[in-house]
Amino acid sequence: MPLQSPSAVIGKTMIIFDVGETLVSETAIWHRIAGHLDLPPFTVSAAAGIALARNCGFEAILKQLGDFSATPGEPWRRPDLLSFTADDLYDDVLPALERLACHGHKIGICGNQPASSEEILANLPCQIDWLSSSARLKCKKPDPAFFHAIVDQTGHAAENIVYVGDRLDNDIYPALAHGMQAVWLLRGPWSFAQWHENGVPDGICAIKSLAELPALLAPQTSASHP
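Residues numbered from 1 in each chain as written. Predicted model: local features only at pLDDT ≥ 70, side-chain atom pairs only at ≥ 80, totals over all residues. Heavy atoms only, no water.

1. Some details on the nonpolar core
The following threshold applies: Grouping buried Ala, Val, Leu, Ile, Met, Phe, Trp, Tyr and Cys residues that are joined through side-chain atoms within 4.5 Å yields what is termed a nonpolar core. For every residue, the accessible area (1.4 Å probe, protein chains only) is compared with the maximum for its type, and the residue is labelled buried under 20%, exposed over 50%, or partly exposed between those bounds. Put simply, DSSP H or I for four residues or longer makes a helix, DSSP E for two residues or longer makes a strand, and each gets a number counted from the N terminus. Throughout, a residue-residue contact means that at least one pair of heavy atoms, one from each residue, lies within 4.5 Å.
Ranked by size, the top nonpolar core spans 27 residues in total, and within it Phe-17, Leu-23, Val-164, Val-183, Leu-210 and Leu-213 carry the most contacts. When residues of this core are traced back to their parent elements, those giving at least two are β1 (14-17), α5 (93-102), β2 (106-109), β4 (161-165), β5 (181-185), β6 (205-207) and α11 (213-216). A total of four residues in this core trace back to one element, the largest contributor, which is α5. Residues in contact with Leu-23, not counting those within four places in the same chain, are Phe-17, Asp-18, Asp-88, Leu-89, Tyr-90, Val-93, Ile-109 and Leu-210. Core analysis: the second largest hydrophobic core is formed by 23 residues, Cys-110, Ala-158, Leu-168 and Leu-186 among them.

Quick look at the structure:
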């Protein structure tokens, strides 16, 4: 199914990005989990796919892998396994954020992440106007409290926020329900599973790369750069 186009060009003042599979590839994380559990990466991928089809959460997938492993463990309790570095950023992230900032948009980052992720993201070589995590907010997506906290802490009205994420259930639908605009990024296993099941639902704005985002979002009139 072709990507849906927005009914009008979005011209909002703050863009909030999810983290996992939106800004950061989680491939290295899954490979570390496979090594920790002494399982082949392909087995881990297959188990994750089954859990995705059953609409299980991330922790549920890891518990299943731990139960299946010859050396059972609790990888969901190991921050060293679940962490990422700047090297795990997708190639389109920094160029897209730079262009958005040059167009006058405010940039924010907040996803279901431990507080330790904030230090890594804060050191990225790009403009970040607001940064938080579910750990700091003490609530996780898709809890409405997560999106209410974004509005409260950024000082932007919901209608002036665009949330960009890879999951319909965790990111797009709850952001829209909270009065925000939302852009669905079609990458990562969750996104693929939901796209395979539903295509792009009517009224949902979807892109395949963050490189598409600056053209989608209208430049702010107060921008100091062309």
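2. Looking at the side chain of Thr-22
Relative to the helices and strands, Thr-22 is located in the loop between β1 and α1 (27-36). With sequence-adjacent residues up to four places away left out, Thr-22 is seen in contact with Phe-17, Tyr-90, Val-93, Val-164, Gly-165, Asp-166, Leu-185, Arg-187 and Leu-210.

3. Description of the packing of aromatic side chains
The following threshold applies: Centres within 6.5 Å are what make two rings of Phe, Tyr or Trp a pair, Trp counting through its six-membered ring; a difference in plane orientation under 30 degrees is then read as stacked, over 60 as edge-to-face, and the rest as tilted. Only when the NZ of Lys or the CZ of Arg is both within 6 Å of the ring centre and within 35 degrees of the ring normal is a charge said to sit over the ring.
For the structure shown, the criterion picks out three aromatic pairs. The interplanar angle of 70 degrees and the centroid separation of 5.2 Å between the aromatic rings of Phe-146 and Phe-147 together place this pair among those described as edge-to-face. What makes Phe-147 buried here is its relative accessible area of 0%. A centroid spacing of 5.6 Å and a plane angle of 75 degrees characterise the contact between Phe-147 and Tyr-163, whose relative ring orientation is edge-to-face. Taken together, the positions of Phe-147 in helix α8 (residues 144-154) and Tyr-163 in strand β4 put the pair 16 residues apart, joining distant regions of the chain. With respect to class, Phe-147 is no different from Tyr-163; both count as buried. Ring-pair connections join several aromatic residues into one group, and the members of that group are Phe-146, Phe-147 and Tyr-163. A cation sits over an aromatic face here: Arg-187 above Tyr-90, 3.9 Å from the ring centre.

Function cannot be read off these values alone, since they describe shape.
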